[in-house]
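# Descriptive structure summary
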There are 4 protein chains.
Amino acid sequence: MAGKAMARQAAEPLIGQGLMARLRAAREGSEALCAPLSDADQSVQSMADASPAKWHLAHTTWFFEAFVLRDHLPGYQPFDERFFYLFNSYYEHEGARHPRPRRGMLTRPSADRILDYRHHVEAGLDRLLAAASGADAARIGELVELGINHEQQHQELLLTDILHLFAQNPLEPAYGEGEPPAGQAGPVQADRWRSFGGGIVRIGHSGGGFCYDNETPAHDALVHPFRLADALVTNGDWLAFMADGGYRTATLWLSDGWAQVQGENWQAPLYWQEGEDGWSQMSLWGRQPVDPRAPACHVSYYEADAFARWAGKRLPNEFEWEVAAREVPVRGNLGSSGQLRPLAAGHHASGARQMFGDVWEWTASPYTAYPGFAAAKGAVGEYNGKFMCNQMVLRGGSCVTPEGHVRASYRNFFYPHQRWQFMGLRLAEDG
Amino acid sequence: MAGKAMARQAAEPLIGQGLMARLRAAREGSEALCAPLSDADQSVQSMADASPAKWHLAHTTWFFEAFVLRDHLPGYQPFDERFFYLFNSYYEHEGARHPRPRRGMLTRPSADRILDYRHHVEAGLDRLLAAASGADAARIGELVELGINHEQQHQELLLTDILHLFAQNPLEPAYGEGEPPAGQAGPVQADRWRSFGGGIVRIGHSGGGFCYDNETPAHDALVHPFRLADALVTNGDWLAFMADGGYRTATLWLSDGWAQVQGENWQAPLYWQEGEDGWSQMSLWGRQPVDPRAPACHVSYYEADAFARWAGKRLPNEFEWEVAAREVPVRGNLGSSGQLRPLAAGHHASGARQMFGDVWEWTASPYTAYPGFAAAKGAVGEYNGKFMCNQMVLRGGSCVTPEGHVRASYRNFFYPHQRWQFMGLRLAEDG
Amino acid sequence: MAGKAMARQAAEPLIGQGLMARLRAAREGSEALCAPLSDADQSVQSMADASPAKWHLAHTTWFFEAFVLRDHLPGYQPFDERFFYLFNSYYEHEGARHPRPRRGMLTRPSADRILDYRHHVEAGLDRLLAAASGADAARIGELVELGINHEQQHQELLLTDILHLFAQNPLEPAYGEGEPPAGQAGPVQADRWRSFGGGIVRIGHSGGGFCYDNETPAHDALVHPFRLADALVTNGDWLAFMADGGYRTATLWLSDGWAQVQGENWQAPLYWQEGEDGWSQMSLWGRQPVDPRAPACHVSYYEADAFARWAGKRLPNEFEWEVAAREVPVRGNLGSSGQLRPLAAGHHASGARQMFGDVWEWTASPYTAYPGFAAAKGAVGEYNGKFMCNQMVLRGGSCVTPEGHVRASYRNFFYPHQRWQFMGLRLAEDG
Amino acid sequence: MAGKAMARQAAEPLIGQGLMARLRAAREGSEALCAPLSDADQSVQSMADASPAKWHLAHTTWFFEAFVLRDHLPGYQPFDERFFYLFNSYYEHEGARHPRPRRGMLTRPSADRILDYRHHVEAGLDRLLAAASGADAARIGELVELGINHEQQHQELLLTDILHLFAQNPLEPAYGEGEPPAGQAGPVQADRWRSFGGGIVRIGHSGGGFCYDNETPAHDALVHPFRLADALVTNGDWLAFMADGGYRTATLWLSDGWAQVQGENWQAPLYWQEGEDGWSQMSLWGRQPVDPRAPACHVSYYEADAFARWAGKRLPNEFEWEVAAREVPVRGNLGSSGQLRPLAAGHHASGARQMFGDVWEWTASPYTAYPGFAAAKGAVGEYNGKFMCNQMVLRGGSCVTPEGHVRASYRNFFYPHQRWQFMGLRLAEDG
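Residues numbered from 1 in each chain as written. Chains lettered and ligands numbered in written order. Predicted model: local features only at pLDDT ≥ 70, side-chain atom pairs only at ≥ 80, totals over all residues. Heavy atoms only, no water.

The next subject is the overall build of chain A. Counting its secondary structure elements, chain A contains 10 helices and 14 strands. Taking 2.2 N^0.38 as the reference for a compact globule, 431 residues should give roughly 22 Å; the C-alpha atoms of chain A span a radius of gyration of 22 Å, in line with that estimate. Projected onto its principal axes, the C-alpha positions of chain A cover 65 × 55 × 40 Å. Considering only residue pairs separated by 6 or more positions, chain A has 81% of its internal contacts joining residues 24 or more positions apart. As displayed, chain A has an accessible area near 15300 Å², and 51% of this comes from carbon and sulfur atoms. Separation of charge centres in chain A, based on 38 positive and 50 negative side chains, amounts to 4 Å. (Helix = DSSP H or I, 4+ residues; strand = E, 2+ residues; numbered from the N terminus. Rg over C-alpha atoms; globule rule 2.2 N^0.38 Å. Contact = heavy atoms within 4.5 Å. Areas by Shrake-Rupley, 256 points an atom, 1.4 Å probe, with all protein chains shown as cover. Lys, Arg positive; Asp, Glu negative; His and termini not counted. Charge placed at Lys NZ, Arg CZ, Asp CG, Glu CD.)

Take the environment of Ala221(A) next. Take Ala221(A): it is sitting in strand 3 (residues 219-223). Residue class for Ala221(A) comes out buried when judged on its relative accessible area of 5%. Residues Ala221(A) and His154(A) lie 67 residues apart in sequence; the distance between their C-alpha atoms is 31 Å. In contact with Ala221(A), other than residues within four places in its own chain, are Gly199(A), Ile200(A), Val201(A), Ile203(A), Phe319(A) and Leu222(B). (Buried < 20%, exposed > 50% of the residue type's maximum accessible area, 1.4 Å probe, protein only.)

Here we take up the sheet that holds strand 4 (residues 226-229) of chain A. Residue and element names in this part refer to chain A. Pairing is antiparallel in the open sheet, where three strands are placed in the order 1-4-14. At either end of the open sheet lies a strand with only one pairing partner, and these are strand 1 (193-196) and strand 14 (428-430). Strand-to-strand, the axes of this sheet are offset by a mean angle of 25°, without reference to chain direction. Here strand 1 runs beside strand 4; their pairing, made up of four bridges, is antiparallel. Counted as the bridge partner of Trp 193 is Ala 229 from strand 4. (Pairing = 2+ DSSP bridges. Axes fitted to C-alpha atoms, helices over the stretch in contact; angles between N-to-C directions.)

Let us look at the arrangement of the chains. One thing to see here is that chain A and chain C don't touch, and their nearest C-alpha atoms sit 15 Å from each other. With no contact between them, chain B and chain D keep their nearest C-alpha atoms 15 Å apart.

Here we come to unusual backbone geometry. Residue Pro109(A) follows Arg108(A) across a cis peptide bond; omega there is 0°. Its location among the elements puts Pro109(A) in the loop between helix 4 (83-86) and helix 5 (111-131). Note the cis peptide between Thr216(C) and Pro217(C), where omega equals -10°. If you trace the backbone, Pro217(C) turns up in the loop between strand 2 (199-203) and strand 3 (219-223). A positive phi angle is found at Glu172(C), which is not glycine, with a value near 50°. Relative to the assigned elements, Glu172(C) resides in the loop between helix 6 (134-167) and strand 1 (193-196). A relative accessible area of 22% means that Glu172(C) is categorised as partly exposed. Unusually for a residue other than glycine, Asp358(D) sits at a positive phi of about 65°. For Asp358(D), the position within the fold is in the loop between strand 9 (356-357) and strand 10 (360-366). The buried category is assigned to Asp358(D), whose relative accessible area is 5%.

This part is about the packing of helix 7 (residues 235-243) of chain C against helix 9 (residues 301-310) of chain C. The description of two helices packed together rests on the angle between their axes and the distance between the axes. Residue and element names in this part refer to chain C. Running from N to C, helix 7 and helix 9 cross one another at 80°; their axes reach a closest spacing of 11 Å. With respect to helix 9, the element helix 7 is oriented roughly perpendicular. Residue-level inspection shows Asp 237, Trp 238, Ala 240 and Phe 241 of helix 7 in contact with helix 9, the latter providing Glu 303, Ala 304, Ala 306, Phe 307 and Trp 310. Looking at the contact of helix 7 with helix 9, its residues break down into seven nonpolar, no polar and two charged. (Parallel < 35°, antiparallel > 145°, perpendicular 65-115°, else oblique. Nonpolar A, V, L, I, M, F, W, Y, C, P; charged D, E, K, R; others polar.)

Residue and element names in this part refer to chain C. Here four strands make up an open sheet; going across it, the order is 12-11-10-13 and the pairing mixed. The open sheet has two edge strands, strand 12 (412-414) and strand 13 (423-424), and neither has a second partner. Bridge count between strand 11 (residues 392-395) and strand 12: three bridges; the pairing is antiparallel. What sits directly across from Met 392, in strand 12, is Phe 414.

Now for the relation of the copies chain D and chain C. Expressed as a screw operation, the relation of chain D to chain C combines 0.0 Å of axial shift with a rotation of 180°, fitting to an RMSD of 0.0 Å. Between the two chains, the operation in question is that of a two-fold axis. The residues that chain D uses at the interface reappear at the interface of chain C in 100% of cases, marking a shared surface. (Least-squares fit on C-alpha atoms with pLDDT ≥ 70 in both.)

After a rotation of 180° and a shift along the axis of 0.1 Å, chain A superposes on chain D with an RMSD of 0.0 Å. Of the interface residues in chain A, 100% have counterparts in chain D that sit at the interface too, so the contact is made through matching surfaces.

Further remarks concern the interface of chain D and chain C. The interface is formed by 31 residues belonging to chain D together with 31 residues belonging to chain C. At the boundary of chain D with chain C, total buried surface from both sides reaches about 2200 Å², with 64% on carbon and sulfur atoms. Of all residues in chain D, Leu222(D), Cys389(D) and Asn390(D) give up the largest surface area on contact with chain C, accounting jointly for 20% of the area buried on that side. Here chain D is connected to chain C by zero salt bridges. Elements supplying a minimum of two residues to the side of chain D that touches chain C: strand 3 (219-223), helix 8 (255-264) and helix 9 (301-310) of chain D. With four residues, strand 3 of chain D is the single largest residue contributor to the side of chain D that touches chain C. (Buried area = accessible area lost by both parts, 1.4 Å probe. Salt bridge = Lys/Arg side-chain N within 4 Å of Asp/Glu carboxyl O.)

Its 34 residues place the ends of helix 6 of chain C 50 Å apart at the C-alpha level, agreeing with the 50 Å of an ideal helix rising 1.5 Å per residue. The element helix 6 of chain C is largely enclosed, with a buried count of 28 among its 34 residues. (Expected span 1.5 Å × (residues − 1).)

On to the pattern of salt bridges. Under the defined criterion, the tally for this structure stands at 120 salt bridges over all chains. For Arg227(C), the salt bridge goes to Glu429(C), with nearest N and O atoms at 2.5 Å. You can see Arg227(C) sitting in strand 4 (residues 226-229) and its partner Glu429(C) sitting in strand 14 (residues 428-430), a full 202 residues away along the chain. Judged by relative accessible area, Arg227(C) falls into the partly exposed class, the value being 26%. With a relative accessible area of 16%, Glu429(C) lands in the buried category. Put simply, Glu92(D) and Arg97(D) hold a salt bridge, and the shortest N to O gap is 3.0 Å. Linked by salt bridges that have partners in common, Arg27(A), Glu31(A), Arg118(A), Glu122(A) and Glu151(A) make up one network.

Laid out in structure tokens, this is it:
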């Protein structure tokens with residue numbers, strides 16, 4: 001993913017210390033995520049939707065090399081010309097690429113050599129940023145900003161992909177070391193419903209700071225009065241849905257969803273398993289008991305939609321969600337918490353709980369272009385725009401989203417059958 | 001498909017002569033469509049998306065039997081109990097059913113026996129409608145109205161499915177007898193662009209007459225200023241797109257669309273073939289030369305979207321289309337023309353040309369529920385609502401849509417890769 | 001299938017009345033088989049392995065047209081040039097052909113037109129046979145003989161394919177009219193085992209009369225002493241195998257067979273179904289109770305092999321079977337019985353029972369070339385030779401094999417997973 | 001694979017130093033093969049037919065643990081109970097197992113932990129062998145012998161699987177370090193044909209030493225006079241076949257073979273690629289030019305069969321091959337040569353060249369049981385017997401077969417479409 005909306009950093013010098021520090025933090029963050037992983041862990045691809053950790057490390061580096069250094073650093077020597085082919089993800093403008101479902105075949109280059117690649121590119125970026133000036137510096141600053149955000153996205157993907165890989169292994173290894181940190185204690189307070197009036201609202205990103213092109217242009221949208229639950233649907237709620245035959249009741253489901261349920265024999269969220277001691281779920285902490293107070297997670301859009309129908313509610317659309325999210329600070333159980341799993345909601349504060357972090361929230365909105373949307377020119381224009389079909393918008397970030405990455409106008413998107421991200425839901429109803 | 005919005009026939013007696021005449025016309029119309037078809041033609045299923053003609057004849061009959069006679073005609077004896085299983089399409093409320101991809105295995109019941117079935121049910125409807133009174137009559141009238149519209153939809157499907165079947169046969173048989181009737185003569189006049197201001201508009205069905213539930217509730221929507229081509233994209237336009245490498249240029253396509261193009265090796269619209277005399281296309285009149293003046297047809301959403309991008313335009317969304325369509329009468333090259341193929345646009349009149357008939361027009365709108373939408377209770381609630389995912393809205397009817405079936409608020413929907421319906425496009429741009 | 005071994009009719013004039021009568025009988029026989037079938041029944045293809053009845057009628061006609069008339073009748077006008085493409089089965093020498101899995105798309109030509117085609121070709125054959133003389137007559141006689149045998153094979157296939165088609169239909173139509181004729185009455189007598197000494201035996205066709213090329217050359221083979229059951233494995237035996245967990249015991253199965261059992265969830269022979277009244281099986285007489293005295297039928301090689309292992313026996317190899325079959329006359333429950341289903345074995349006579357007719361008997365022999373085998377030159381050489389891989393030999397003919405078609409040296413062959421032919425087994429053990 | 005024919009070591013003490021030394025050599029040999037491989041190289045599975053190197057290391061260890069230590073070493077503590085599930089390959093007697101196509105998901109246990117597993121089991125074997133006595137010692141000796149041979153088979157598979165994996169990687173890494181050792185110099189001498197008379201011959205293993213159960217029982221077979229090429233078909237021969245349109249000429253191919261050629265678009269042996277400098281092939285030494293003098297390799301049975309037909313010859317059957325092989329010593333370009341690739345034949349000596357080593361030679365014989373064959377009791381009986389269907393016999397060993405593993409009666413077997421082993425062919429004709 002990538003974008004155009006990057007000319008919005010007026011307050012700071014074009015390539016300031018802030019950007020360079022954030023670049024360094026992002027780069028180091030990715031490496032740090034791989035510390036608990038072996039060479040093999042980093043190399044295997046568990047399904048076509050997922051990528052090896054090593055590939056994430058290399059692809060985020062390719063991004064800087066192909067979009068920043070190759071175009072802007074005079075005399076830059078690529079680390080290895082063949083990596084342009086190996087680590088391009090989906091950018092048609094950048095030429096042919098290694099097929100996505102075969103990323104796991106790349107046992108070479110080794111993990112070590114990919115670290116060398118990373119450092120080679122980082123050295124180039126250091127040289128470039130130190131020297132950039134004038135109009136080019138503005139463009140470079142934008143691209144580096146984009147690259148940082150891109151790297152953050154892949155940090156999240158790296159963790160979700162590792163969870164998927166480890167879940168395929170009967171040994172069920174844990175990514176996190178030791179016991180998971182204690183979460184929220186005490187009873188969960190019941191949901192409250194928050195009411196919002198309708199009317200014309202401003203949607204999308206405006207004001208300063210980075211955003212992706214798919215959040216633009218900011219535009220007016222008409223919202224009808226609605227009510228929104230102030231917390232996420234929990235595992236306890238989900239167990240009630242299951243106990244009531246949710247996965248066996250065709251009339252609760254979209255037609256495509258029901259075909260999926262039948263075809264895949266879904267009977268619970270992804271990673272859940274029933275044993276003698278009840279339900280457990282595979283997590284980044286290995287297999288753990290299902291906590292009824294924690295948010296339901298790893299459910300598809302089809303499941304979220306069926307659950308809402310069963311509950312007599314509906315999913316919010318993305319405009320409703322954005323209206324509500326603007327009122328609360330971007331705080332919550334994000335990646336920096338180190339929890340690596342969604343947590344029970346806290347006690348009522350003034351605003352909605354769990355709007356940011358814990359799980360990405362499925363909305364009822366298909367992922368489409370905002371009115372007046374135009375993709376950026378060139379390769380970076382492929383970041384978001386060409387995916388605007390067949391996917392649904394999710395909002396709010398998750399427990400593995402890097403701090404500072406998400407915002408109220410942020411639009412994530414996945415296919416309605418996908419479940420391996422940290423995905424859950426919040427209910428809505430007409431106001 | 002089916003609906004709830006049926007309590008809107010206040011002007012006429014509850015079950016009046018008009019309804020009965022239209023019922024008879026619809027029923028006879030379906031039979032008439034099968035006159036040129038052999039028993040074999042009516043029995044074979046050419047792909048999972050299509051159904052045998054005989055199955056269409058039986059299923060539309062099942063609809064009246066299952067939803068009207070069984071519930072409302074005291075003492076009704078089903079023609080054959082097993083037909084409830086054989087000819088249910090997708091109604092989970094109605095129980096188990098014969099799998100869709102295996103509809104072509106039903107060489108029995110014979111075509112003759114299905115006609116007997118039809119007449120048995122029609123006799124039941126005659127008795128019921130003659131006797132109905134009171135509150136039940138209103139409900140019966142609604143259901144019969146729905147059944148008529150349902151039958152009309154299947155008349156269109158029957159023709160598109162027969163075209164698909166005949167296109168699989170190297171002999172390329174024609175459905176229509178003799179030469180196709182002459183279409184529009186003379187040169188095609190260039191497109192004009194019509195401008196529309198933005199603002200809050202009323203969308204969906206209101207006022208009298210039948211509509212499907214997915215056209216309701218009527219509601220306010222915000223439309224931004226836009227311009228709309230006054231005619232459809234033509235085969236001539238499409239040939240230019242092809243000549244310019246449209247099918248080989250990845251960057252014109254949505255990501256899923258490009259995967260489809262590559263996976264299926266698409267190089268032209270469905271049914272097109274290049275020969276020594278240029279391009280021809282299979283049609284209900286057998287193989288015919290591609291007429292550059294006629295509308296492009298049998299293109300997927302992916303192709304329509306890529307074409308619009310190539311042309312520097314976009315597809316209209318469904319609200320824009322509806323705003324423009326309300327201004328013109330529901331007239332055009334519909335099924336009653338006997339043309340059985342899209343025709344070149346006529347000369348400029350005051351309003352948009354070809355808004356109704358010729359080809360269904362892909363819009364940029366994913367098929368979703370209108371705000372406040374609630375599916376009808378029970379089986380008829382499955383008519384439309386459960387398909388509100390992964391499909392795109394098309395508007396306007398086609399050259400095989402029965403007269404009187406379509407209207408400005410009418411929403412058709414197909415998956416973005418599908419091409420076998422009479423589907424084309426009209427361009428739009430921001431105003 | 002077809003062959004070379006055709007220069008063996010020395011006793012009769014080259015194209016004698018016998019040949020012409022048999023030709024006429026074969027041709028009329030095929031048409032007669034279609035009498036109970038509608039146009040739709042004759043047109044639908046129920047799976048890629050099966051062909052529509054209409055296609056069988058046309059292909060057997062194509063065989064005479066392409067191999068006899070086109071090459072040998074001066075001035076012959078093909079009925080329709082396009083039929084050479086439509087009705088070629090698999091002869092690469094004869095050029096491109098309609099893909100096998102799409103034979104069911106050919107609703108046209110109609111059944112009537114295919115009868116016209118048949119009669120056109122028959123008239124040509126009449127002219128040719130009346131006039132043929134000299135060396136050409138010998139070759140023509142051979143080819144006509146081959147064509148008759150070819151037509152007989154397709155008569156059997158036509159019936160097995162119709163059974164498969166009707167078995168896909170929940171209405172389970174019967175091909176035969178009325179009740180099935182009574183079979184063998186009285187108790188079944190227990191198997192006896194017949195012993196055969198080993199040694200060098202002559203295998204393959206020698207002496208007069210027609211044979212296929214795959215039965216040649218006659219050659220010596222070494223057979224070890226063996227014993228052979230004098231009757232077929234029965235449904236009663238099979239029920240015991242099932243009751244003993246045969247379909248759930250991995251160690252009884254070949255590895256590929258077990259994968260098939262698991263992948264297809266096989267729990268009984270094809271067409272069997274368990275109901276409140278026990279097991280029944282779909283047949284050419286519709287659904288009928290499983291008769292424990294009748295031979296087990298519609299089992300794959302994998303099942304036959306597993307059954308034999310369960311029984312502590314083995315399947316005979318094809319040489320053993322041929323040695324035993326030579327001792328008994330070619331009589332049994334063949335197609336001419338009108339039974340259209342395998343029957344219980346009669347009482348003991350001097351030789352083996354059920355060697356011919358009832359069911360084709362799986363042998364332990366992979367289908368390979370006999371030593372010194374050479375396929376005939378040209379297209380007819382493709383009849384048998386190119387299938388000599390991955391298939392297993394079956395011997396003895398079935399209840400739908402035309403009278404006069406089968407003999408002791410006759411080699412049929414199918415893939416080990418196939419079940420839709422009338423296939424069963426006889427046990428053997430080392431002597 | 002595994003066997004029964006193991007009671008044939010009368011000359012040496014039951015568990016002698018010879019066996020222990022060979023066990024140690026086999027175990028060390030496997031580890032040594034992995035020295036050039038990273039943890040990732042050892043963990044990825046490149047297709048369902050192949051297994052990760054790490055899995056080979058673990059499975060060969062499981063074999064000793066499950067078949068020897070668990071049953072015969074009192075008080076043996078398994079290294080990790082879960083490994084019985086993870087590293088069972090296909091032994092139904094040993095219970096459930098990790099699905100074959102998912103062996104590549106096991107990034108854990110790590111390569112190091114698998115070495116610990118190996119050493120744990122080796123320590124157990126040391127204790128067992130030192131203490132074994134009496135009747136049990138004989139059985140243990142047999143099983144250890146089987147385990148050594150099993151380990152040798154997996155050494156060959158490990159190399160062929162690594163080649164396959166590296167061939168999926170666009171970087172085309174080499175397994176061998178540096179340049180490949182020089183092979184045979186000088187011109188290749190033309191083939192000579194060696195003649196063999198027919199008659200009854202003894203086939204299968206007899207006399208002392210280890211063999212697999214599928215080589216037994218030794219039995220008489222009838223062989224017809226034949227002639228056999230004294231060297232393998234070369235790449236030069238293969239290039240001539242290709243130049244003559246071999247891959248485009250349907251009539252050269254078995255029907256299933258032609259379907260494979262078309263479906264997979266085969267145009268050359270596996271791993272071949274045409275570039276500006278002609279044809280090259282991926283090898284354990286990375287990409288290397290195709291040497292026209294070296295044996296053709298990585299061809300399927302279908303290709304071997306088509307080549308032979310094109311050449312006007314045929315493949316030998318396995319009895320013919322065995323008759324010829326008995327005359328020559330078991331010497332050749334086997335794994336111990338370090339060549340890791342097939343080499344050009346040397347100059348004529350008295351007997352056939354290349355009978356052992358270089359490439360496994362496809363025979364015309366389907367893999368079936370010898371007369372009187374009975375699989376061993378229990379799990380080891382699954383080693384060979386259950387694969388006796390759908391596969392073809394190959395003879396002679398290859399350039400990666402461990403020294404001492406192969407013999408004249410040795411039967412290898414693969415499916416006719418498989419190509420990733422070191423497979424080639426030698427021609428034969430009737431004598």
